[in-house]
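For reference, the chains in residue letters:
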Amino acid sequence: MTGLTVRTIRFYSDQGIIPPSARTHSGYRTYDVEALAKLKLVRTLRELGVDLPTAQRVLTREVTVTEVARVHADAIDAQMRTLRLRRAVLRAVAKGGEMELMNELARMTDEERQRILDDFFEDVFGPYELDPGFESHMRSVRIELPDDPSTEQLEAWVELAKLVQDNDFRASIKRMSARHEQMRADGENMGAPSQGQMDAFTNSVQEARAALDAGIAPDSPQAREIVDRVNAKWAEAFGVPNDEHLREKLFLHQDFADPRAERYWVLIAKINGWPPVPDTSAERAWLRAAGQPLA
DNA sequence: ATTCTTACA
DNA sequence: TGTAAGGA
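Calculation criteria
- Residues numbered from 1 in each chain as written.
- Chains lettered and ligands numbered in written order.
- Predicted model: local features only at pLDDT ≥ 70, side-chain atom pairs only at ≥ 80, totals over all residues.
- Heavy atoms only, no water.
- Domains from an automatic or database assignment.
- Near = heavy atom within 4 Å.
- Polar contact = N/O pair within 3.5 Å; in protein donor to acceptor, adjacent residues only side chain to side chain.
- Helix = DSSP H or I, 4+ residues; strand = E, 2+ residues; numbered from the N terminus.
- Nonpolar A, V, L, I, M, F, W, Y, C, P; charged D, E, K, R; others polar.
- Buried < 20%, exposed > 50% of the residue type's maximum accessible area, 1.4 Å probe, protein only.
- Contact = heavy atoms within 4.5 Å.
- Core = buried A, V, L, I, M, F, W, Y, C linked by side-chain atoms within 4.5 Å.
- Salt bridge = Lys/Arg side-chain N within 4 Å of Asp/Glu carboxyl O.
- Phe/Tyr/Trp six-rings, centres within 6.5 Å; stacked < 30°, edge-to-face > 60°.

Q: How should the domain arrangement of chain A be read in this particular structure?
A: Accessible area lost during the coming together of the parts is what is often quoted as the interface size. Split into domains, chain A comes out as domain 1 (6-63) and domain 2 (103-289). Taking the mean C-alpha position of each, domain 1 and domain 2 sit 67 Å from one another.

What follows is the structure, encoded as structure tokens:
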């Protein structure tokens, strides 16, 4: 009738939550329509996960069903967030991640995550005189791991946290900063790359992609031709002749080509749910092997 | 056959 | 919630 077991009805009765409207001569509980309605109300609330004490406060009119519904829905939101997070951690652990590390990094707030990045920025950019536009652009990167990160996003955050705390990576970026500082002191424009330089980069990646697809070895004569073509574009972008001048220019820039720096951007995009950054590490590795240092 | 109370795990 | 007991 009410969907409740005899047992629980008795329990409600004993607890005084819903007293029977009357008893028969032999002590049987009887419930009139009003009490019956109360039983159904409590059953529904219990089914929706509302605890008995608050169900009782609904009966006594201390709170309305509307209020209880809102509060409880909010509570479920919170539970779902932690459950989603737990699931993401466990899925990542199931795929072989380290549990303590996963859990610790997943539980962090956005602010705590940002601290890790800011520490990194301070270490690798702070001591150097860099192009202000460049530095503020690098420092403006924010980490916003969603409440319900996918396994991939969580893994990306773990990898990023490891990366920016890795002393070898930091040393590499510091070398870039030192070189950047030096070039700036020498009057080089170290702000945003020109359109020509970006085009030259795009061209490099396309050429290398085609070479990789065609199975051209980096040490083959064909690779030599490709590097010559790529260098011609770079020479144009830098505004220098495609000769020793360009070689010098490329040499000055080559310290910027740590593949992990690109990985950094790939990970940031994944964590923040940005459109995926194309991973050109394979193309760049081919170009480096072929003797073209900058790409 | 079902419900009742009390009590313990 | 399951179980027991003895009554109604």
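Q: So what exactly am I meant to see when it comes to the protein's contact with DNA strand B here?
A: Val6, Arg7, Arg10, Arg23, Gly27, Tyr28 and Arg29 make up every residue found near DNA strand B. Counting only the atoms of DNA strand B that lie within 4 Å of the protein, the sugar and phosphate share comes to 80%. In the environment of DNA strand B, a phosphate oxygen lies 2.7 Å from a nitrogen or oxygen atom belonging to the side chain of Arg23. A distance of 3.0 Å separates a base oxygen of DNA strand B from a polar side-chain atom of Tyr28. The dominant element in the surface near DNA strand B, judged by the number of residues it contributes, is helix α1 (residues 6-15), at three residues. Partitioned by chemical class, the residues of the surface near DNA strand B number two nonpolar, one polar and four charged.

Q: What is the right way to look at the side chain of Glu262 in this model?
A: Of note, Glu262 is situated in helix α13 (residues 259-272). Judged by its relative accessible area of 10%, Glu262 falls in the buried class. Ignoring anything within four residues of it in the chain, the contact list for Glu262 reads Pro278, Asp279, Thr280, Ser281 and Arg284.

Q: Even after reading the chapter, I still don't get the protein's contact with DNA strand C, so can you show me in this structure?
A: Residues in contact with DNA strand C, as listed here, are Arg7, Thr8, Ser26 and Tyr28. The contact atoms of DNA strand C, taken as those within 4 Å of the protein, divide so that sugar and phosphate hold 13%. A distance of 2.3 Å separates a base nitrogen of DNA strand C from a polar atom in the side chain of Arg7. Across the surface near DNA strand C, the residue classes break down as one nonpolar, two polar and one charged.

Q: Would you take a moment to explain the nonpolar core for this structure?
A: General note: in soluble globular proteins, nonpolar side chains tend to be found buried as a group. Judged by nonpolar contacts, the single largest core of 35 residues is most densely connected at Leu117, Phe120, Leu154, Trp157, Leu160 and Tyr264. Counting only elements with at least two residues in this core, the list comes to α4 (65-94), α5 (99-107), α6 (110-124), α8 (151-164), α9 (167-185) and α13. With near-sequence residues (within four places) excluded, Leu160 lies in contact with Leu117, Ile143, Tyr264, Leu267, Ile268 and Ile271. Among the nonpolar cores identified, the runner-up in size contains 17 residues, and Ala223, Val230, Leu250 and Ala290 belong to it.

Q: Whenever I open this one, the pattern of salt bridges confuses me. Can you help?
A: When charged atoms on two side chains of opposite charge get close, those side chains can pair. Within the structure shown, the criterion is met by 15 salt bridges. The salt bridge partner of Glu262 is Arg284, with a shortest N-O separation of 3.9 Å. Taken together, the residues span a long stretch of sequence, with Glu262 in helix α13 and Arg284 in helix α14 (residues 281-289) at a distance of 22 residues. Across the pair, exposure class does not vary: Glu262 and Arg284 are buried alike.

Q: Help me understand the packing of aromatic side chains, please; the structure alone is not making it clear to me.
A: For any pair of aromatic rings, geometry is given as the distance between the ring centres together with the angle between the planes. A complete count under the given rule lists seven aromatic pairs for this structure. When the centroid spacing of 6.3 Å and the interplanar angle of 55 degrees are considered together, the rings of Phe11 and Tyr12 count as tilted. Classification of Tyr12 as buried rests on a relative accessible area of 5%. Ring centres of Phe120 and Phe121 lie 5.8 Å apart, and the angle between their planes is 50 degrees; on these two criteria the pair is classed as tilted. An aromatic cluster is present here, built from Phe120, Phe121, Phe125, Phe134, Phe169, Tyr264 and Trp265 joined pairwise through their rings.

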